[in-house]
Every structure is written in structure tokens, then in C-alpha cells.
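Per-entry structural report
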Amino acid sequence: MKSTTNNKNIKAALTVATAALLGTSHSSQAQTAEEDSWQIDSAFLYYSETDRVSAGEAIINAQKTFEDEEVLNLKLTIDTLTGSSANGAVAQPTVQTFTRPSGNGQYQINENDTPLDDTFKDTRVQLNAQWTQPIAADYTLSTGGHLSKEYDYLSLGINANLAVDFDRKNSTFSAGFSFFHDTFSPEGGIPKPLSSMLIGDNNDSNWDENFSQTRLSSDDTKTTTDFLLGFTQVINRRMIMQFNYSYSMVDGYLTDPFKIVSVVNSNGITQDNIYESRPSSRAKQSLYAQSMYHFETNVLDVSYRYMWDDWDIASHTIDSRLRIPLGDLWGKESYVQPHARFYQQSAAEFYRAFIQKSDVTGIEHISADYRIGEMTAYTLGLKFGTLINGENELSFRLEYYRQTPTGGGREPIGVLNDLELYPTVDAVIGQVTYSF
Amino acid sequence: MSFSQKIKTALLVMLVVSFSGCANLGVEPWERDLLAKKEMALNASPVDSALDDHIYFSKEASSGGKSFGGGGCGCN
Amino acid sequence: MTTKQFTISQCQDSHSINFNAMASPCEILVQSTDIGLANKLANEICTEVWRIEDKYNRYDNNSVCSKINEKAGHRVAIDEETFLLLNFAEQCYQLSEGLFDISSGCLRKVWTFDCTNNIPSEAEVNQVLKSVGWRKIQFDRQFITLAKNMEIDFGGIGKEYAVDRSILLAKQITNVPVLVNLGGDLAVTESRHNNMPWQVAIEHPDIERADKTTADMIVSLHSGALATSGDSRRYLKKDGQHYGHVLNAKTGWPISHAPRSITVVAPQCIQAGILATMALLQGKQAEQFLADQDVKYWSRR
């Protein structure tokens, strides 16, 4: 108190201390109110690819904080999928015919078009429950369960996570694991890997028997075990960072039973379409870093993830958001948040857009699914949110997602040189969220 | 060193550096006014994250990183 | 014990709610003719103020404060609110370099400011001083442990904290201008209608005027809070020395040459209160301290 330089800081320090004591005008009230009331978030999202898949997804999330900082979180998700997605075959200069996955019918693709299968119409319901509670000073335990059901798919999962705080809660270590058991019963059963797709007339008397010859079984399973190690550190009053390492082991049926690979001759003309085959295990690892920085009023969120696995896929993801508060400009406490995401992945070791007949013997695994091929994708979006009724938040999000698969150095042959082997996929995403 | 090995090393170095600098980092409990805001939470919009994760899990070969990337649906 | 009831009366365009709390007369002014709103504000704010009083009143055996003091030497569980108040007290202790210390309450055992010459001896003061010292307290988010024979007293921040909490409540309930005054420590939610300020009278019985009459000073408050520290009515006088009632927590003796009282204006009441108290602790330098902080104040010596 004797030196004058110290004095200048006292009023500022007290302002900060007072703010910490009283909290912002919302959270200090919320601190006593939130303890006994449910916080509900409801959202609806619409996803639509040009000429391909469309999906609608609705989420209701309910969270309640009890005394002693225990939190219960319940979430219900419903989504439906329609439209068509690429079946893995290459385009041809002639009309092509493919058999539906169920075996009950064929569909035709025009010349020069990328083959798309429009059989996919599915609705899925998912339930999640998560319980979090402190189990000792600075130790927090969280555990939860997951159930997801769609017409041909059942997924059951559990997870648990322990977080430990240090140094006035400035540092936090966490370790968690999760286990999922999925059962897949695709319509038409599981096809024999690498066997030829049967093309013909499904009204034929021999069809059913011939079709079942191409089937391996009616269903199959896979398990996913994840380990996650995390470290969070408060850097200063404006900045916090997080670093994660995760290891994931997937075992079981990992092939996509609906996807095929075109077998072509030396001129690029399709001779046959065979069902794809992926390895029965996949070990993935990832390193993730995120930082949040609070400027005078804006908040910047930037993260980077590097993933690599034993299929030879490696990917980089950079994701960033900037939240810009608008004050009471367009509604109460409104904000706008631009979003940019950049993604790049390398192809799986067994990925091929097509295969030459002469190369087929000896192949163990192959897939033409562009989603495990070489690809670059970017997302640009904008979100707008505002408070209504003083406390409830309404927000709108619009995003544009473009996926650009690339060949990865493999040369097309013959007629394939004049066809689009790696079509770009564009999608628009729209979302409305209401929290109360 | 291959490119991917360089990335892994760089990230590990970042981790170690942040560990060693820990003694000087952090804030007092009464300096948490900004950090306590909802928008400063590391997962500030969990509903948006869940929806986005589902989209990217279905359309790309990577998942998780921020949280568990496990199974969950046949959307692939 | 406070009688827990309030009365509401209307005057022109406003309602006035009166009640007692923290051994002081309290008042809420709301610039609205809506009696229903006045009732709602009265109920919610009075409940909150009495809640804080019951929780932190040193003189109430059932309060959290008393429980912590009774169990000195042992660990006592605390909640989030108490933890935040203790954190705030810690920050004040540090900013005042140890002069502001909420564990100094037990010095009142030897200092009774009854306007007589009842000054304690140096030995008596040193004896009591052994139970004073913020550093002897350990606390974290969940527990507090005082050393044996220690006591903490939230009196220095309790009333101002209650004012600020009341203002937050009032803002949640209504957009209409509200003033909350707990025994002279007050704050407002915003200006009165048409951007008119609130006219607040500060009572100070012995301002030195040429004709030796006392006068109320009128302060125009548009926003923020006002708190007064010090009370000229409590003092001791011996051998021509005037001993003000503000005690130096490090020595156990009154601060010499402290003003009789200081009134400070700040965005929040608790901030105003602490600045006023810290100023008093500067003794002769009180006014200079506040001037250096660029804070609006009135001082009476």
C-alpha cells in the first residue's frame, strides 16, 4: 500500500474479484437456480447432398445438476436417411444394371453417371445417459450408456472417465475408456467378400437360390474399444488449452456389405462387380489439441487433430470458430459465429477406385468406398444465436460442406480417362436449436 | 523422418513443453470471470458437436479425438 | 433477532418497501405503481437478505459462520457461496497487505468502543492477537479449518454482499428502476425513468460547518452502488487521544488518524464497501489512497 504503483491495481483487482464473487448477471442466479431444474436443449438438423443423401436429425438433451455437483444427462436422438449414395462401382460409357442389396430388384444407372444406390431409407433412434459426480476433492467420475437402433443395426455401448484436478483446478488429467458392441443385420444378409454381384431377374425361379449362394450369413458383429487420455490447462485469464491422445481398436465385421468394386479390362470396361472386403480389425490413434481464447469480447476456438491407423490412413483436421457477440443488436445478447473446417485424409492401403481383371487374384482386401480413399474436405458455416424470453437461447446454423475425393496417383485406364472417377460431393447443412 | 513421424514428434513436444511450463500457468480462483463463461467451455455447444461428429463419422474415415469416437451407428 | 416482516407503502410513482435486517433499517424503492410487482420484489429480496443474514450472522448460533467458529481447530464443510466469499476475503487480505482480515473479529473481546476510556493493555491485546491471522486459516472449495480459538466475521462484507445479491435478483425480476438500501449501504439497478438520477441522502452528524449545524449531503446516483465505512459514533477517548474503531489487524490497535467515516461510490456495493474500509485502514492517507484509485468518495474527519 505504500508504493503508488500497487495502488493503481487495487481498483481493477477488486473489480475482477467482485465479478468472481457475484458472477455474471446470468450465472450467479443460475448457480442457485440450476441446481434444481432441468436444462433442455432441443435441435433439428437437415443435411442434404446435391443429388445424393438427405438426412434429418433431431436431438433432445436434458441435463440436471443436483446438490454436490452431480450431473445427470439424458439424450434422445432420432434421425432418418433417404436418398442415394455411391455404391463403389465406376461410371461407364454404357448403361449399367446393379442388384439391390436385399436381392429384391435391380436398378439402372445411365451412361457416364456415377453409380448411386438409392435403396437407403432408414430411421434410427438413439438413447444416451451419462452420470457425472465428484468422488473426492478434485476427483470427478463420469459413466454412461448408449443404445442405438435402426432397422438393420443395433449398437450398445458403455463408457467411464476419471478426471483429476491440480493446482487450483488449473490443470486436469483425465483417463477414459468406452466399449461398443454392434450387431449388423443388413437386408439380404452379409455377402461373401470378393464374390461377384449377381445380376439377373429376381423373378426368375432360380434367383433366390443363386442369390443365397452369394451370401455368407444373415448378420455379423463388431466391437469398438476406445481409450482416451486428456490434459487440460488454464494458460491465463483469457486462455485454456486441451491435449488428448486416443487409441481405438475395432474388431469384427468392418466391411460395408452394400459396397462393390468394379473389375475392369485393359480398356476400362467393367467385366464384373465384386463385393468389397476390409480387414477384420482396425487400430486407430489420434492426437488432438485445442485452444480457446477470449479477446475483449470475441472468443476464438481452434483445434487440430492428427489421426493415423493400421490401414495406412492418416488425416489432418483443423477446426475453428470465432464467436462475435453483437450485444443487443438483433435480439437480446445475440452473437454470430463463423466456422471453418479443413480436413484431409490419405487412402487406406487397400483402397482402389477400380481393379483390373489381371490384378484380382491374390487380393485379400479391397474397397472402392471414397470415404476411405484420398480426400480433401472443407466446411464453411455461420451460426446466429439470440436470447428470447430473457433466458432461453434460439440459434440458427447454416453450413456448406464440400468433399473432394482424389485419385492418389493411380492412373485411370482406357475409357475411364473420360469419366469422372472421383466426383465432388457438396452438401448443405441447416440447424435450428432451442435451449430452455 | 517421414512426415507423419514429424507430426507425431511435434505434437509430443508441444505436450512436454506445456507440461514443463505449468508452474507459471494458471489463474487464481477469483480470476475466472472470463473462463467461467459458457462460451469458454472446451465443448461450448455439445449439441452442435454431437450433430457434426455424426456427419463427419459417416462421411470421412476419422472419428473422435475430442471425445470417444466409438461405434454407435451403422451410418457408414 | 430480526422480525421478519416488511411493509409496503406507495408514494407518487413509486413503492417503498421497509424491513429490518442485519441490525439496520432497510428499504427497497421501486419506481412502479404496480403493487403486485412491489410484493414480488419484497418477498424475494427480503427472503434473500434474511437468508444471507441467517447464514453469516456471527451472533446467530445456527449460522454457518457460528458453526465454523465453534468448530475452530476442526474441518468444517462449506458450500460454493461460502467458498466464494472466503476467496473474496482472501483477495482483500492480499490487496490490503494484511490490514483487512476477517479473522480480526475477536479483537472486539478487548476493544469495546463504548465512548469511555476503557483502553486495553498491551498485554491484553497481544494475547488476543494470537488468535488473529488470515494465514492461519486453511480452506478450499469444500472445507475450511480455522486454527484453535480463531473466529471469522463476515460483518465487513456481509451487508454489501447482500445488497449486490438483491440487485441481481431485482434485475431478474423486473426492468423497472429499483434501489436497495440496507442500513446505508445501497445500490441501484439503473437510473430512474427518463434518465433521472436517484437522490440519496448521506447522514453524517458531525460534518464541520461554520455554524456547527449538521447537514445531510445529497448524492445523485445514476447507476452503481454506495457504501459507507466507519461510524463516528463508536470511539474511545483517553488522555486527549481519540481512538477510532477501525483496528489494524496486524498490531491489534486502532488505526491512528483515520477519518470518522468514508463513503465510496463504485459499480458494486461490495467493491464500494471494501474500498471504503481499505481507505480507513490507511489512516492519515485515506483520502490520498482513494484519489490515487480514481474513486469517487466523501470523507468525514
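Residues numbered from 1 in each chain as written. Chains lettered and ligands numbered in written order. Predicted model: local features only at pLDDT ≥ 70, side-chain atom pairs only at ≥ 80, totals over all residues.

All right, on to the overall build of chain C then. Within chain C, the regular secondary structure consists of 7 helices and 15 strands. The proportion of buried residues among the 301 residues of chain C is 44%. Of all intrachain contacts in chain C linking residues separated by at least 6 positions in sequence, the fraction that spans at least 24 positions is 61%. (Helix = DSSP H or I, 4+ residues; strand = E, 2+ residues; numbered from the N terminus. Buried ≥ 20, exposed ≤ 12 C-beta atoms within 10 Å, placed from the backbone. Contact = placed C-beta atoms within 7 Å.)

Moving on, we come to the overall build of chain A. Regarding its fold elements, chain A presents 3 helices and 25 strands. Residues counted as buried form 34% of the 436 residues belonging to chain A. Long-range contacts, defined here as pairs at least 24 residues apart, represent 62% of the contacts in chain A between residues at least 6 apart.

All names here are of chain A. Relative to strand β15 (residues 239–252), strand β14 (residues 220–236) is paired through 14 bridges, and the arrangement is antiparallel. Note on β15: the bridge partner recorded for phenylalanine 227 is tyrosine 247. Remark: 2 residues form the turn of the hairpin made by β14 and β15, two consecutive strands paired antiparallel. By the bridge criterion, 13 bridges tie β15 to strand β18 (residues 281–294) in an arrangement that is antiparallel. (Pairing = 2+ DSSP bridges.)

On to the pairing of strand β6 (residues 106–109) of chain A. All names here are of chain A. Where strand β5 (residues 96–99) and β6 come together, 4 bridges link them in antiparallel fashion. Within the sheet, the bridge partner assigned to threonine 99 lies in β6 and is glutamine 106. Adjacent in sequence and paired antiparallel, β5 and β6 are bridged by 6 residues, among which glycine 103 carries a positive phi angle near 90°.

Residues and elements named next belong to chain C. In space, the 8 strands of this open sheet follow the order β1-β2-β3-β7-β8-β11-β14-β15, with antiparallel pairing throughout. At either margin of the open sheet sits one strand with a lone partner, and together these are β1 (6–11) and β15 (296–300). Here the strands of the sheet are splayed against their neighbours by 10° on average, with no regard to which way each runs. Sitting on the sheet, helix α1 (residues 35–56) is in contact with β1, β2 (14–21), β3 (24–30) and β7 (178–182), with an inclination near 20° to β2. Seen against the sheet, helix α6 (residues 269–280) touches β8 (185–188), β11 (224–229), β14 (261–266) and β15 and runs at an angle of roughly 30° to β11. (Axes fitted to C-alpha atoms, helices over the stretch in contact; angles between N-to-C directions.)

A few words now on unusual backbone geometry. Unlike most non-glycine residues, Asp138(A) shows phi in positive territory, near 75°. Of note, Asp138(A) is situated in the loop between β8 (122–136) and β9 (139–150). Classification of Asp138(A) as partly exposed rests on a count of 16 C-beta atoms within 10 Å. One non-glycine residue with positive phi stands out, namely Asp294(C), at about 60°. Relative to the helices and strands, Asp294(C) resides in the loop between α7 (286–292) and β15.

Residues and elements named next belong to chain A. With 95% of its residues at a pLDDT of at least 70, chain A reaches an overall mean of 89. Across residues 1–5, where pLDDT falls below 50, the model places 5 contacts with residues more than four positions away in sequence or in other chains. The low-confidence segment residues 24–35 (pLDDT under 50) makes 16 contacts with residues lying over four places distant or belonging to another chain. (pLDDT = per-residue confidence, 0-100.)

Here the focus is the sheet that holds strand β5 (residues 138–139) of chain C. Each strand in a sheet pairs with another by means of backbone hydrogen bonds, the pair being arranged parallel or else antiparallel. Residue and element names in this part refer to chain C. Reading across from one edge, β4-β6-β5 is the order of the 3 strands in this open sheet, with antiparallel pairing throughout. Of all the strands in the sheet, just β4 (75–77) and β5 have a single pairing partner and so form its edges. Bridge count for β5 against strand β6 (residues 143–145) is 2 bridges, and the pairing is antiparallel. Along β6, the bridge assignment pairs phenylalanine 139 with isoleucine 144.

This part covers the interface of chain A and chain B. With 74 residues of chain A at the contact, the number on the chain B side is 45 residues. Sort the elements by how many residues they give to the side of chain A that touches chain B and β14(A) lands first, with 8 residues. Class assignment for the residues of the side of chain A that touches chain B results in 30 nonpolar, 28 polar and 16 charged. (Nonpolar A, V, L, I, M, F, W, Y, C, P; charged D, E, K, R; others polar.)

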